[in-house]
Amino acid sequence: MGGLVYRALLICNSNFPEDKKGLPKLFGPVRDGLALYGALTDQECGLFNPANVEVLFDADAQEIKEAAERFFTADVRYDDVLLFYYSGHGRRFNRNLYFCGRDAVSDRIASTGVSAAVVNDMMEVTRAATKIVILDCCHAGAFKGKAEAVSPEFFAGAGRYVMTASAASEQAADSAGRGQPSPFTQVLVDGLLFGAQGSHETGQLGAHELYQYVFKELPEKFPRPQERASGMGDTPLARRKTKSFTQPIAGHEVAPKGLIRPAGEDAATGSGAPMSSPIAQALGVSRRRAGEYSVGDYHAWKAVMLLDLLVAIFGFLSWQTWLLEPYGLSGGDVEAVLFFSVVLAVLSFLLASSEGLTLAYLVRKFKRATGVGGGSMREVPGYVRKEILERRSVVMVRLVGNIVGCFFGLAWFVALTSLSFRADAYSLFMATLGALCFISLLRLVKLGDALFIAGALISFLGIFPKQGDLGYDAGEFGFGASLQGMAFLAMLCAWLFRLSNKALFLAAGLALIPAAIAYPAYQLLVGISLAGVTLAFIGVLMGDGVPLEEDGRSPVGAVIHRLGGGR
């Protein structure tokens, strides 16, 4: 016999797209799973080998049953210790408990949920003598429905220990907001990491001792946890740390090392929930603040590379007098600006590609650490994307890239004010310089949806150049310029109040109307505004307006993907 082998299956479901009204989205489960994984496999006090911990995020009913069957029956030995954990919605029907997969429907829970009886049967036939069940489900409140909580009696049996977040007649609590574990799992994780410091002479924390820690430390405003043990001793779940420690403050957690930072703390300010204006509160929206990224902000490096490539190609060809002489712009100052722009574009391109490679590496690192998700960013659990984007290596590469990008503004300013780069193609060249400058500035101050708002700013600036310079010439075509200005205000408001991806798409579409009708109606080519709106659309397709905490791609991009024959 090889001694105790600890194995765990953590099932964490946040999204229930088949029944968004009956089973609203939960904020806690993803963070619950990451935090518990980190505590169980902690190098100092964890007793679980990372290879023996499986984490499922947003699994459907069939995936949950298949994973549970493998967990309880495949290659299990008598002296194994099995820990089954579930965080998500739970429902009761005809005296039976049902776990909710991502395909669950509350009014058809018997056919769409995962019956506790099925999991119970699997536990009955497992060869492992020790089974531990921890349930943090049946979340309630304004965002969580009204299901009853779980009673330990559901899983009572020989060789079993059961701990639940609440009694059968109570409602368990979801996390207070995005990026935070639920109160129960938060204290559970703290207990695994630090509870053993005060345990008896063995230096280990048993399941019952863990329950006592959770019961004592969980604030009284939350439901009281429940436990039941049958036919087993106080099986150790953690060991004493060998080094000194610092007790984490409330609302923080420990998660897989090298990937996850403490929750509940904003990356930019360290503050809690954002403050909203009375208007925003009345409309049910929140005002934008630093550190609130979107899926599009992860993909922004791709757009930066494309814009860098355009600047480099146009600047190099112009520097080689392909376009200089026709406009009478030859001269040392012009060539210096073009050369400076090409050098910046090459540096920015290299830094943007480095950012993409770093993100890809961290995604693969997360997959290897947890066995969750595929190789693309979209296949990684939603909240992890923000954590990866905030890793030090990514932040440093982006910081240097954004600083370099800000110098595009210098080239743009010199070309605009001193050299009169305003004829046709040069107008688009300068608009691209301006877009790169805006994107870099926005990313530098950590404001999200950078592609969308940079495009909106360029579309607005297109109002002022003369008609021959691909602008509206506001003095000559005041009506069209006014429409474009109002469309810009709509885009600005949509961005400022963090409206959805679809709302950003509609705002960009509104800005496209005056730019698109200017030529057929007035033979006026407003290329600068069109270029800005195009950049805004690119941002929408890449995921601007989709919070990083949410899973999946841009809804608009998904529609276009399906129209193109994709799945």
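In this text, all values refer to a predicted model and were calculated from it rather than measured experimentally. (Residues numbered from 1 in each chain as written. Predicted model: local features only at pLDDT ≥ 70, side-chain atom pairs only at ≥ 80, totals over all residues. Heavy atoms only, no water.)

Considerations on the packing of helix H2 (residues 61–73) against helix H4 (residues 116–125)
Point 1. Following both chains from N to C, one finds H2 and H4 inclined at 15°, their axes separated by 9 Å at the closest point. When the axis of H2 is compared with that of H4, the two are roughly parallel. As H2 packs across H4, the resulting crossing turns out to be right-handed. Touching Lys65, Ala68, Glu69, Phe72 and Thr73 of H2 are Val118, Val119, Met122, Met123 and Val125, all from H4.
Point 2. Of the residues contributing to the contact of H2 with H4, the split by class is seven nonpolar, one polar and two charged. (Axes fitted to C-alpha atoms, helices over the stretch in contact; angles between N-to-C directions. Helix = DSSP H or I, 4+ residues; strand = E, 2+ residues; numbered from the N terminus. Parallel < 35°, antiparallel > 145°, perpendicular 65-115°, else oblique. Left-handed = near helix turned anticlockwise from the far one by under 90°. Contact = heavy atoms within 4.5 Å. Nonpolar A, V, L, I, M, F, W, Y, C, P; charged D, E, K, R; others polar.)

Some points on the nonpolar core
Point 1. Of all hydrophobic cores here, the largest spans 65 residues; its most connected members are Phe408, Phe429, Phe452 and Met491.
Point 2. Once residues within four sequence positions are removed from consideration, Met491 is found in contact with Phe452, Ala456, Ser459, Ala507, Ala508, Ala511 and Ala536.
Point 3. Listed in part, the 41 residues of the second largest apolar core include Leu34, Ala35, Tyr85 and Leu188. (Core = buried A, V, L, I, M, F, W, Y, C linked by side-chain atoms within 4.5 Å. Buried < 20%, exposed > 50% of the residue type's maximum accessible area, 1.4 Å probe, protein only.)

Some points on the packing of helix H5 (residues 183–194) against helix H6 (residues 207–217)
Point 1. Look at H5 against H6: their axes get within 9 Å of each other, and the N-to-C directions meet at 130°. Relative to H6, H5 is oriented oblique. In this structure, the crossing between H5 and H6 has a hand that is right-handed. Residues Phe184, Val187, Leu188, Asp190, Gly191 and Leu192 of H5 lie in contact with H6, whose contacting residues are Leu210, Tyr213, Val214 and Glu217.
Point 2. Taken together, the residues that form the contact of H5 with H6 break down as seven nonpolar, one polar and two charged.

Quick notes on the pattern of salt bridges
Any two side chains of opposite charge can pair if their charged atoms end up close together.
Point 1. Summed over the entire model, instances satisfying the criterion amount to five salt bridges.
Point 2. Between Asp80 and Arg77 there is a salt bridge whose closest N-O contact spans 3.5 Å.
Point 3. Glu355 is the salt-bridge partner of Arg398, the closest N and O atoms lying 3.3 Å from each other. Of this pair, Arg398 sits in helix H11 (residues 392–417) while Glu355 sits in helix H9 (residues 332–370), placing them 43 residues apart in sequence.
Point 4. By relative accessible area, which is 2% here, Glu355 ends up buried. (Salt bridge = Lys/Arg side-chain N within 4 Å of Asp/Glu carboxyl O.)

Details of unusual backbone geometry
Point 1. For Asp75, which is not glycine, the phi dihedral falls at a positive 55°.
Point 2. Relative to the elements of secondary structure, Asp75 occurs in the loop between H2 and strand S3 (80–88).

Digging into the sheet that holds strand S6 (residues 114–115)
Point 1. Pairing within the open sheet is antiparallel, and its three strands lie in the order S4-S5-S6. Both edges of this open sheet fall to strand S4 (90–93) and S6, since each of them pairs with a single strand only.
Point 2. The sheet contact formed by S4 and strand S5 (residues 96–99) spans four bridges and is antiparallel. Note that in S5 the partner of Gly90 across the bridge is Phe99. (Pairing = 2+ DSSP bridges.)

What about the environment of Leu433?
Point 1. When you line up the elements, Leu433 lands in helix H12 (residues 425–444).
Point 2. Between the C-alpha atom of Leu433 and that of Phe407, which follows or precedes it by 26 residues, the distance is 9.2 Å.
Point 3. If we skip the residues at most four places from it in the chain, Leu433 touches Val311, Ser341, Phe408, Ala411 and Trp412.

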